[in-house]
Amino acid sequence: MTDAVRERYARFAEDEAPGRSDLYAEWARGVASDPVVQAVLARIPAIHRQPPLVFAVTRMLGAPLVGYDGWRRFVIDNADDVVAESSARRVQTNEPLRLAALLPVLSEIDGPIALLEVGASGGLCLYPDRYSYRFVDDARTVRAALDPEDGPSPVVLTSTVRGELPPLRMPEIVWRAGIDLDPLDARDARDRAWLRGLVWPGETGREERITAALDIVAEDPPLMVGGDAVDGIGALAASAPADATLVITTPGVLVHIPRSRREQLIDGIRRLPARWITIDAPALHDGWNPPVDAQNWRGSVVALDGCVRAAADPLGRWWEWRAAGGTTDA
């Protein structure tokens, strides 16, 4: 079992961390050559011992952002807690910047909107009306700026737009709810630490953005329901106000659902009286209209009711409008 740990962490150090987090690369290289730490991590179920999850758990528990030797001492001294927390947690990346890629699609839908997110984590992507947006070109020149009605937000989502800039407007959200296997509470110190810990060291600005978004959510928490969306989305959707347009979003969550359950969820959403906005890898499912050539498509696909609207970075750092006069290849 320690061989599997060694191989997984060596692969992470070689292929996944470089260019994104030098510290995580160092930690992973250390694990890959350290039988003692490998033995600790081997006690964690295989589906819960991926490096970003284990590293985030150690940070939530108090591990300092120091070199491998210091991190190793923390893991050994707190081995039981690291194993227990890692076994109970799952990666719940909650990146509000994804909303920058979803806003042009939300702009197509007349309000008022009842917003329901599948895989909502801490609910940070349920507040598109509470954040500021700055859409820039590759030279970082601002092409469009939008702010909430009450003025600029402490959360500013900056995203690069390539090509056409479609009409944009702030959505009118009157109800917001999320469903998640393990919903997080923006008011809970441990849950807040967990979401901050999921940010890799070296990702400049992300932790500050997530912390500011958590403060907004904590002031006005959404309705959060724990459970499997395949089984629970119908009841939650039925609780939305009847005089609002129900919009269901699945930003980045479908990849974490086994294919058969994923297809059940998509079919269930399509049967509801709702609009559906998603951002997914092009090969993740066959629900695109028109069909997408996954081999030649750059980035993820943003779609409204399955209709292709844009190509985008999966975390919203850039997007390119494809709905008007665009094609489905890169």
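Quick note: structure is the one above.
If you're wondering where the values come from, they're calculated on a predicted model, not measured in any experiment.

1. Notes on the packing of aromatic side chains
Then step 1. Enumeration according to the criterion identifies 13 aromatic pairs in this entry.
Then step 2. Between Tyr24 and Phe55 the ring centres are 4.8 Å apart and the planes differ by 50 degrees, which places this aromatic pair in the tilted class. Here the residue Tyr24 occupies a position in helix 2 (residues 22-32), and Phe55 occupies one in helix 4 (residues 51-61), the gap between them amounting to 31 residues.
Then step 3. For Tyr24, a relative accessible area of 0% puts it in the buried group.
Then step 4. Ring centres of Trp27 and Trp71 lie 5.0 Å apart, and the angle between their planes is 20 degrees; this geometry places the pair in the stacked category. With Trp27 in helix 2 and Trp71 in helix 5 (residues 68-77), this residue pair connects regions lying 44 residues apart in the sequence.
Then step 5. Owing to a relative accessible area of 0%, Trp27 belongs among the buried residues under this scheme.
Then step 6. You can call Trp71 buried: its relative accessible area is 0%.
Then step 7. Pairwise contacts between aromatic rings join Tyr9, Phe12, Tyr24, Trp27, Phe55, Tyr68, Trp71 and Trp200 into one cluster.
Then step 8. It is Arg20 that lies over the ring of Trp200; its NZ or CZ is 3.6 Å from the centre.
Then step 9. Geometry around Tyr127 places Arg176 over its ring, the cationic atom sitting 4.4 Å from the centre.

2. Examining the sheet that holds strand 8 (residues 275-280)
Within a sheet, each strand pairs with its neighbour through backbone hydrogen bonds, oriented either parallel or antiparallel.
Then step 1. Taken in spatial order, the 11 strands line up as 3-2-4-11-10-9-8-7-1-5-6 in an open sheet, and their pairing is mixed. The outermost strands of the open sheet, each flanked by one partner alone, are strand 3 (142-146) and strand 6 (223-226). Pairs of neighbouring strands in the sheet enclose a mean axial angle of 25 degrees, with direction left out of account.
Then step 2. Relative to strand 8, strand 7 (residues 245-251) runs parallel, the two being bridged by five bridges.

3. Observations regarding helix 4
Then step 1. Most of helix 4 sits out of view: 10 of its 11 residues are buried.
Then step 2. Residues of helix 4 that are buried include every one of Pro51, Pro52, Leu53, Val54, Phe55, Ala56, Val57, Thr58, Arg59 and Met60, and no others.
Then step 3. Looking one or two residues past helix 4, Gly62 carries a phi angle of roughly 120 degrees, positive in sign.

4. Concerning the side chain of Arg98
Then step 1. Turning to its location among the elements, Arg98 is positioned in helix 7 (residues 98-106).
Then step 2. Glu117 is the oppositely charged side chain nearest to the buried, salt-bridge-free Arg98, at an N-O distance of 6.4 Å.

5. Overview of the packing of helix 10 (residues 229-238) against helix 11 (residues 259-271)
Then step 1. Helix 11 packs onto helix 10 with a crossing angle of 15 degrees between their chain directions and a minimal axis gap of 9 Å. Looking at the two axes, helix 10 sits roughly parallel to helix 11. With respect to the hand of their crossing, helix 10 and helix 11 are arranged in right-handed fashion. Contact residues: helix 10 offers Ala229, Val230, Asp231 and Ile233, while helix 11 offers Arg261, Gln264, Leu265 and Ile269.
Then step 2. Taken together, the residues of the contact of helix 10 with helix 11 sort by class into five nonpolar, one polar and two charged.

6. Some words on the pattern of salt bridges
Then step 1. Enumeration according to the criterion identifies 30 salt bridges in this entry.
Then step 2. Two residues, Arg8 and Glu16, come together in a salt bridge whose shortest N-O distance is 3.0 Å.
Then step 3. For Arg261, the salt bridge is made with Asp231, and the minimal N-O distance between the two is 3.3 Å. Of this pair, Arg261 sits in helix 11 while Asp231 sits in helix 10, placing them 30 residues apart in sequence.
Then step 4. What emerges from the salt-bridge pattern is a single network uniting Arg20, Glu95, Glu203, Arg206 and Arg209.

7. A look at the pairing of strand 11 (residues 318-321)
Then step 1. In the sheet, strand 4 (residues 156-162) pairs with strand 11 via three bridges, with the strands oriented parallel. Within strand 11, the position partnered with Arg162 by the bridge is Glu320.

8. A few points about unusual backbone geometry
Then step 1. Along the chain, Gly111 connects to Pro112 via a cis peptide bond; the corresponding omega equals 0 degrees.
Then step 2. Among the structural elements, Pro112 can be located in the loop between helix 7 and strand 1 (113-118).
Then step 3. A cis amide bond links Asn289 to the next residue, Pro290, at an omega of 0 degrees.
Then step 4. With respect to the helices, strands and loops of the structure, Pro290 is situated in the loop between strand 8 and strand 9 (300-304).
Then step 5. Even without being glycine, Arg140 reaches a positive phi, approximately 70 degrees.
Then step 6. Structurally, Arg140 can be placed in the loop between strand 2 (132-136) and strand 3.
Then step 7. Of note in this structure, Asp305 is not a glycine but carries a positive phi near 55 degrees.
Then step 8. Inspection of the secondary structure assignment puts Asp305 in the loop between strand 9 and strand 10 (307-312).
Then step 9. The exposure class assigned to Asp305 is partly exposed, which follows from its relative accessible area of 27%.

Criteria and cut-off values
- Position labels on residues start from 1 in each chain and follow its written sequence.
- Restriction of local features to residues with pLDDT of at least 70 applies here, the model being predicted, together with a cutoff of 80 or more for giving and counting side-chain atom pairs; totals for whole chains, interfaces and linings are based on all residues.
- Hydrogens and water are ignored here; the side-chain numbers use all heavy atoms of the structure.
- Pairing of aromatic rings covers Phe, Tyr and the six-membered ring of Trp, with a centre-to-centre limit of 6.5 Å; geometry is then stacked below 30 degrees between planes, edge-to-face above 60, and tilted otherwise.
- Think of it this way: any DSSP run of H or I at least four residues long counts as a helix, any run of E at least two long counts as a strand, and we number them from the N terminus.
- Relative accessible area decides the class of each residue, using a 1.4 Å probe on protein chains only: under 20% of the type maximum gives buried, over 50% gives exposed, and in between gives partly exposed.
- Over a ring means this: the NZ of a Lys or the CZ of an Arg is within 6 Å of the ring centre and within 35 degrees of the ring normal.
- Strand pairing is assigned whenever DSSP identifies at least 2 bridges connecting the two strands.
- The angle between two axes is taken between their N-to-C directions and runs from 0 to 180 degrees, where each axis is a line fitted to C-alpha atoms and a helix contributes only its stretch in contact.
- The positive count covers Lys and Arg only, the negative count covers Asp and Glu only, and His and the chain ends enter neither.
- Salt bridge criterion: a side-chain nitrogen from Lys or Arg within 4 Å of a carboxyl oxygen from Asp or Glu.
- Between 65 and 115 degrees an angle is taken as roughly perpendicular, under 35 as roughly parallel, over 145 as roughly antiparallel, and anywhere else as oblique.
- Throughout, a crossing is termed right-handed when the near helix is turned clockwise from the far one, and left-handed when it is turned anticlockwise from it by less than a right angle.
- Any pair of residues with heavy atoms lying within 4.5 Å of one another is described as a contacting pair.
- In the scheme used here, Gly and all other residues not listed as nonpolar or charged are polar, with Ala, Val, Leu, Ile, Met, Phe, Trp, Tyr, Cys and Pro taken as nonpolar and Asp, Glu, Lys and Arg as charged.

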